[in-house]
Protein chains: 4
Amino acid sequence: MIIIMRPGTTRQEAEEILNQIESVGLKPLYMPGTERTVLGAIGDERKLAGLHIENHPGVDRIAPVLTPYKLVSRECHPANTLVNLRGIIVGGKRFTVIAGPCAVENPEQMLLTALAVKDTGAHCLRGGAYKPRSSPYSFQGLGEEGLKILRDASEKTGLPCVTEVIETEDVSLVEQYADAFQVGARNMQNFRLLKALGRSRKPVILKRGMSATVEDLLLAAEYVVSEGNPQVILCERGIRTFETATRNTLDLNAIPYLKQHSHLPVIVDPSHGTGVREYVTPMAKAAAACGADGVLIEVHHNPKAALSDGHQSLDPTQFSRFMDELRPFVEAAGREF
Amino acid sequence: MIIIMRPGTTRQEAEEILNQIESVGLKPLYMPGTERTVLGAIGDERKLAGLHIENHPGVDRIAPVLTPYKLVSRECHPANTLVNLRGIIVGGKRFTVIAGPCAVENPEQMLLTALAVKDTGAHCLRGGAYKPRSSPYSFQGLGEEGLKILRDASEKTGLPCVTEVIETEDVSLVEQYADAFQVGARNMQNFRLLKALGRSRKPVILKRGMSATVEDLLLAAEYVVSEGNPQVILCERGIRTFETATRNTLDLNAIPYLKQHSHLPVIVDPSHGTGVREYVTPMAKAAAACGADGVLIEVHHNPKAALSDGHQSLDPTQFSRFMDELRPFVEAAGREF
Amino acid sequence: MIIIMRPGTTRQEAEEILNQIESVGLKPLYMPGTERTVLGAIGDERKLAGLHIENHPGVDRIAPVLTPYKLVSRECHPANTLVNLRGIIVGGKRFTVIAGPCAVENPEQMLLTALAVKDTGAHCLRGGAYKPRSSPYSFQGLGEEGLKILRDASEKTGLPCVTEVIETEDVSLVEQYADAFQVGARNMQNFRLLKALGRSRKPVILKRGMSATVEDLLLAAEYVVSEGNPQVILCERGIRTFETATRNTLDLNAIPYLKQHSHLPVIVDPSHGTGVREYVTPMAKAAAACGADGVLIEVHHNPKAALSDGHQSLDPTQFSRFMDELRPFVEAAGREF
Amino acid sequence: MIIIMRPGTTRQEAEEILNQIESVGLKPLYMPGTERTVLGAIGDERKLAGLHIENHPGVDRIAPVLTPYKLVSRECHPANTLVNLRGIIVGGKRFTVIAGPCAVENPEQMLLTALAVKDTGAHCLRGGAYKPRSSPYSFQGLGEEGLKILRDASEKTGLPCVTEVIETEDVSLVEQYADAFQVGARNMQNFRLLKALGRSRKPVILKRGMSATVEDLLLAAEYVVSEGNPQVILCERGIRTFETATRNTLDLNAIPYLKQHSHLPVIVDPSHGTGVREYVTPMAKAAAACGADGVLIEVHHNPKAALSDGHQSLDPTQFSRFMDELRPFVEAAGREF
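Notes on the structure follow.

Moving on, we get to the overall build of chain A. From N to C terminus, chain A includes 10 helices and 14 strands. Dimensions of chain A, computed from the C-alpha atoms along their principal axes, are close to 75 × 40 × 40 Å. Split into buried and exposed, the 337 residues of chain A put 64% on the buried side. Taking all contacts inside chain A whose residues are at least 6 apart in sequence as the whole, residues at least 24 apart take part in 67%. Summed over its atoms, the accessible surface of chain A is roughly 10600 Å², and 49% of this surface lies on carbon and sulfur atoms.

Right, here's the structure in full:
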């Protein structure tokens, strides 16, 4: 850790900090400059967290040398993690396609959509039973009834299923029905929920928050992994920027960054990342091209009637064309469906 | 509601939507233009939410005429709401100062800080027992033990106390100790938590999320109020932008906007809004000047040793100077401490 | 155009505006609602620009129906524009690769780099003679000397060359040496420069500004085209967001958006879009996958010694691997080098 | 300067860089850590700019210790700079009010507005003759004719006048008419223009770019000052963020930051910073409260008919009320009109 002192700090203030650094077993360094004094701490700087050196009035800024996350970093664990989604391996040779409606609405809608995506070659089913919505007047999901409908469609098609969990107290209920948990963008920093999922044995798809940096995302994953669950899939789904032409700004730069800095699989959600049906296919191709391990796609057997996000959902015919168009890019990336 | 159709849509597609509008009792309007067709719906457009007109493939964009929130809007409720924080009225003549440490650390720290802020004229006490932190390796708060320590300091000083609640299942526990709930930026869209707080009788300080628009904030407040709890205080605490010179970008434009569009009281948190001790006082003055009803300030009896956010905390001497410097601006605003 | 009036506006205020709409030959519409009055104007709403209806104190918001740009829009001009870069057609079947150093430094550097990119299959040469730099203490480019060196390398390799112009008064000088102009992100809204380039006959590569929306970019292109020069290539090069892990956030959503809304070719600059050498190749693949017509790549024969942006430049060996890795994605997109 | 090496870099790579540091007369430091190697350079790190150490493939990140600007920094020049705007001193005891229309439209409009703001107590006149506009179809200003009209109003009222210059070639023309130059947000990084203004003897009001950090703004000021003109006034006018409820997000955090890091005067433009007439007064009060040296306000004798930005302009009656309401905050700040 590098500590840049304010102009005019005294030797004594520097000594206070150097003594603190030494007290936790790191090697302190004193570097007086012509205009500023700089201090250093050599060793595992994570031990310094408890000292709160940033609080010292003589400190201007701190420049960490190491990443604040450890278990999810590629430095500590060079080999790719493979996540097992009830038989579907995410992060290996296969480019995984997880498809289904935004929200579970009723048994017929869920089953028709599930059969359609299964026919077309999707590997997993998605569908939300708990829907976090900006407005209290929007459809909020069917709750446990939705979980049952999703499970039923999953069993009838043989596709493993993923669904969002929005609250710690729901974890054990959702676990009974789903093959994997999804944590939505708004809950990426719901740390109690992350810890609860860290104590589950089922995989977790962790969506990046709308204003979360990639480092924030990796720290959120660290919460899950540090509680004992290494089966985490990271998901880029767009960030909030000044651009309003698309619902979010899909940050595909994040894909090579995350693959370089972490061993966890990374998937992309172009449905939320764009919010526009016509842009879902091009952005899924782009995701495959820049190294993603899969995509999360909203499909609805009748988007016009969808209770949530119909404008960004593909219908079965569009989804079939989507898979056909995506295939050459998956192959160009050396992957397969 | 105004519905802008895509170029080339047919009369029949327009009719489909016009019929839907009529079906919920609104008056449909058909406006064919030279390049685009525009449709309108006259009446209470919130009834249209269930129709999901945005899903129709012929629809390009929708321009709502009314705000999506209702109960919290000034249009529906012109008079200012006064929130009663155990005897301290927020939103009236008084400019309310809520002060205390970021985190409750131990009885001595809490009591010393509480006595100091009481002496200097603060009206309420703050202190966190549950701390959401980006890293799993940071201090996470004392939990119920912290609530007890806070309550004790509150009773010894006679100052009402506010504390953060991070989880639905904690609501009843926190309610036993605190005079008001605080919802942190990361939980502004934790809708289950908002609903639970809507069923409480204690006031809620709702902090704006890092990437939440002011409309998102008002919709979050609508969740609480629509469940039956009208005692909501909105809090601007900075948004996330490209500027990294300060921890967040304090969006003071939000103050006149929120006062114009809503009847709820609005306070400002310049400690998180800047993240820099020296900027807390100038930004608190600015908050008073542009119409805020109060401020939330981090004070610690010994910031150097603080377990959380010490670099943005004032010590008792600095807080005393803060109050002295703030007073002329509070008075210029026609308010009083 | 749709005009949403403030609550409480009078019939007379509405009449004032309706009369104005009628005065320029559009059909006015009056739609009184239960809570708000809405007005409409049917016809070519661009005629309304001179009326400044938004200034009227009774007006709350205006929702345009048509795009504010016209000549560059696909609605007005459905067929793709092909730009002729001295024999290299951009926007057709070929996926165009424009490569070279960030800055022209000296004849040897420019020629070695030019020969290397020519050998590897690049179609055009790039190199900056005028460098806009944040700090006055950074290298600012060689000026006319740099233009001569670039021209020389262009002629020795037979590759057409592109270079940045930063000032109206330089346009005729740059035109003597370059086959196409580049307008940098910082000059995207230098409207005097855009107009001057609109009076040239040489193509213009227009880079998106760091905080420009895609609509701003299309309006900037409209400046060039409306002065008489239809040979404009749009270039996505990353926007400024809260994410600092990469130099900019490459907004690839913009590619399908721009291709849908405009007939102009669109290329991508992954060197500036990421600022990280290792991410240039994956993001170029992603650009090809989502529909871009080409890429702009920084190559330097010795990046370690580069005077500008060496950390994001490829060396000749890396560039050769880049082309090999990119090819399958270009082919998957139905394009060719 | 602190240089953080990539994991796995060799001693030899470090030596290469250490030798470079030594070669420009700085003291090199070698700090091998348990996971990463860190290098340091002690002395005036601005000498390192020419070495481009960031290009070295072994370098991960660089953490500068000193600011990249020097002449404009308070460290190098502790006393406040006073700017003399033809007799009006900006940056001293007076809180300066610069008022006038967005655009000069005709002699009557300019003179009526000038007389009104003079009567009410404004210190300087503003008015644009060259208007950079997003759309080529918007009013672009009267050019030299506008400069003459502005000069005439300035002489008839005795108020010094400020006007925008958008192009290097216009500098000498504008200088003949104006008492100070304004550089607009879109030109904050038009470095050729900045240098030309640095060779003038008249003051420069430098507006912050929409996506410029405060450091970028100070570097832009450094361009002007380093060419020989120390008379620079910084102007915060709002940045572009995800929030669209206001035209821009006025970043008042920038005021205490700029006052702490620089000796230059700082003013605020709440008209552009909010884009909403009703928010101009509260945000001007906030600007005075947090330490600004003045404000720039759009006033038009008849905003309904304004050719540009009428919706954010005050009329003379509103401006008179503005001054009355602002006064107590100016006095609370220890300043005077």
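There's plenty left to go through after this.
Take the interface of chain D and chain C next. Across the contact, 49 residues belong to chain D and 49 residues belong to chain C. Taken together, the two surfaces of chain D and chain C that pack against each other cover about 4100 Å², and 43% of this comes from carbon and sulfur. Linking chain D with chain C are 10 salt bridges. With a shortest N-O distance of 2.8 Å, Asp216(D) and Arg240(C) are connected by a salt bridge. Summed over the shared surface of chain D and chain C, the result is 37 residue pairs in polar contact (both at pLDDT 80 or more).

A separate point is the relation of the copies chain D and chain B. Rotating chain D by 180° and translating it 0.0 Å along the rotation axis places it on chain B, where the RMSD comes to 0.0 Å. The operation mapping one copy onto its partner corresponds to a two-fold rotation axis. Closest approach to the rotation axis within chain D is made by the C-alpha atom of Ala286(D), at a distance of 2.0 Å. Mapped onto chain B, 100% of the interface residues of chain D are again interface residues, and the two copies thus contact each other with one and the same surface.

As a further point, take the sheet that holds strand β10 (residues 180-183) of chain A. The eight strands lie next to each other as β7-β8-β9-β10-β11-β12-β13-β14 (chain A), forming a closed barrel whose pairing is parallel. Direction aside, neighbouring strands of the sheet carry axes that sit 25° apart on average.

So, on to the relation of the copies chain D and chain C. With an axial shift of 0.0 Å and an RMSD of 0.0 Å, the rotation relating chain D to chain C amounts to 180°. Taken as a fraction of all interface residues of chain D, those also at the interface in chain C reach 100%, which identifies the copy contact as same-surface.

Given 3.6 residues to a turn, an α-helix orients residues that are three or four positions apart in the same direction. Buried residues dominate helix α7 (residues 254-261) of chain B, accounting for six of its eight residues. Taken together, the buried positions of α7(B) are Ala254(B), Ile255(B), Pro256(B), Tyr257(B), Leu258(B) and Lys259(B).

All names here are of chain B. Residue placement: Ser-271 occurs in helix α8 (residues 270-274). Using a relative accessible area of 0% as the deciding quantity, one classes Ser-271 as buried. Every residue in contact with Ser-271, bar those within four places of it in the chain, is listed here: Val-276, Val-280, Leu-296, Ile-297, Glu-298 and Gln-312.

Another aspect to go through is unusual backbone geometry. If you check the backbone angles, Arg86(A) has positive phi at about 40° while not being a glycine. With respect to the helices, strands and loops of the structure, Arg86(A) is situated in the loop between β5 (83-85) and β6 (88-90). Phi at Asp309(D) is positive, roughly 60°, even though this residue is not glycine. Summarising the element assignment, Asp309(D) is placed in the loop between β14 (294-298) and α10 (316-332).

The next subject is the interface of chain D and chain B. Tallying the contact residues gives 37 residues for chain D and 37 residues for chain B. For chain D, the biggest contributors to the area lost against chain B are Phe242(D), Asn253(D) and Tyr279(D); these three give 24% of the whole. Applying the counting criterion to the chain D and chain B interface returns two salt bridges. Across the pair Arg208(B) and Glu243(D) runs a salt bridge whose closest N-O atoms are separated by 2.8 Å. Counting across the chain D and chain B interface gives 12 residue pairs in polar contact (both at pLDDT 80 or more). When residues of the side of chain D that touches chain B are traced back to their parent elements, those giving at least two are α7 (254-261), α8 (270-274), α9 (277-289) and α10 of chain D. Top element by residues in the side of chain D that touches chain B is α9(D). It accounts for seven residues. Looking at the side of chain D that touches chain B residue by residue, the classes come out as 20 nonpolar, 11 polar and six charged.

This part is about the environment of Arg46(C). Inspection of the secondary structure assignment puts Arg46(C) in the loop between β3 (37-42) and β4 (59-63). With 56 residues separating them in the primary sequence, Arg46(C) and Cys102(C) have C-alpha atoms 40 Å apart. The residues touching Arg46(C), leaving out its near neighbours within four places in the chain, are Glu35(B), Leu66(C), Thr67(C), Pro68(C), Tyr69(C) and Lys70(C).

Turning next to the packing of aromatic side chains. A complete count under the given rule lists 12 aromatic pairs over all chains for this structure. On the basis of an interplanar angle of 25° and a centroid distance of 4.5 Å, the ring pair of Phe191(D) and Tyr223(D) is categorised as stacked. Linking Phe191(D) in helix α5 (residues 191-198) with Tyr223(D) in helix α6 (residues 214-226), this pair joins segments that are 32 residues apart in sequence. Taking relative accessible area as the criterion, Tyr223(D) reaches 1% and is therefore assigned buried. A ring pair is formed by Phe319(D) and Phe322(D), whose centres lie 5.6 Å apart and whose planes are at 15°; its orientation type is stacked. Here Phe319(D) and its partner Phe322(D) are both found in helix α10, three residues apart, which amounts to about one turn of the helix. For Phe319(D), a relative accessible area of 0% corresponds to the buried category. Over the aromatic face of Tyr30(B) sits the side chain of Arg11(B), whose NZ or CZ is 3.9 Å from the ring centroid.

A few words on the environment of Gly273(D). Note on placement: Gly273(D) falls in helix α8. We classify Gly273(D) as buried; its relative accessible area is 0%. Once residues lying within four places of it in the same chain are set aside, the contact partners of Gly273(D) are Asn253(B), Arg237(D), Gly238(D), Asn248(D), Thr249(D) and Leu250(D).

Our next topic: the sheet that holds strand β2 (residues 27-32) of chain A. Residue and element names in this part refer to chain A. Taken together, the four strands give an open sheet; going across it, the order is β2-β3-β1-β4, and neighbouring strands pair in antiparallel fashion. Across the chains shown, the open sheet's two edge strands, defined by having one partner strand only, are β2 and β4 (59-63). For this sheet the average axis-to-axis angle between neighbouring strands, irrespective of direction, equals 20°. As defined by bridge partners, strand β1 (residues 2-5) adjoins β4 across four bridges and the pair is classed as antiparallel. Along β4, the bridge assignment pairs Ile-3 with Ile-62.

This part takes up the pairing of β2(A). Residues and elements named next belong to chain A. Pairing analysis gives six bridges linking β2 to strand β3 (residues 37-42), with the strands arranged antiparallel. Within the sheet, the bridge partner assigned to Leu-29 lies in β3 and is Gly-40. Here β2 hands over to β3 after four residues, the two strands then running antiparallel side by side.

The description of two helices packed together rests on the angle between their axes and the distance between the axes. The contact between helix α9 (residues 277-289) of chain A and helix α9 (residues 277-289) of chain C brings their axes to 8 Å, and the two run at 155°. Regarding the angle of α9(A) to α9(C), the classification is roughly antiparallel. Crossing geometry of α9(A) relative to α9(C) is assigned as right-handed. Contacts between α9(A) and α9(C) pair Pro282(A), Lys285(A), Ala286(A) and Ala289(A) from the former with Pro282(C), Lys285(C), Ala286(C) and Ala289(C) from the latter. Taken together, the residues of the contact of α9(A) with α9(C) break down into six nonpolar, no polar and two charged.

With that settled, the discussion passes to the packing of helix α2 (residues 107-120) of chain C against helix α3 (residues 144-157) of chain C. All names here are of chain C. One way to put it is that α2 packs onto α3 with a least axis distance of 9 Å and a crossing angle of 35°. Relative to α3, the crossing made by α2 is right-handed. The segment α2 lies against α3, with Pro-107, Met-110, Leu-111, Ala-114, Leu-115 and Lys-118 engaging Ile-149, Leu-150, Ala-153, Lys-156 and Thr-157. By residue class, the composition of the contact of α2 with α3 is eight nonpolar, one polar and two charged.

Calculation rules
Residues numbered from 1 in each chain as written. Chains lettered and ligands numbered in written order. Predicted model: local features only at pLDDT ≥ 70, side-chain atom pairs only at ≥ 80, totals over all residues. Heavy atoms only, no water. Helix = DSSP H or I, 4+ residues; strand = E, 2+ residues; numbered from the N terminus. Buried < 20%, exposed > 50% of the residue type's maximum accessible area, 1.4 Å probe, protein only. Contact = heavy atoms within 4.5 Å. Areas by Shrake-Rupley, 256 points an atom, 1.4 Å probe, with all protein chains shown as cover. Buried area = accessible area lost by both parts, 1.4 Å probe. Salt bridge = Lys/Arg side-chain N within 4 Å of Asp/Glu carboxyl O. Polar contact = N/O pair within 3.5 Å; in protein donor to acceptor, adjacent residues only side chain to side chain. Least-squares fit on C-alpha atoms with pLDDT ≥ 70 in both. Pairing = 2+ DSSP bridges. Axes fitted to C-alpha atoms, helices over the stretch in contact; angles between N-to-C directions. Nonpolar A, V, L, I, M, F, W, Y, C, P; charged D, E, K, R; others polar. Phe/Tyr/Trp six-rings, centres within 6.5 Å; stacked < 30°, edge-to-face > 60°. Lys NZ or Arg CZ within 6 Å of the ring centre and 35° of its normal. Parallel < 35°, antiparallel > 145°, perpendicular 65-115°, else oblique. Left-handed = near helix turned anticlockwise from the far one by under 90°.

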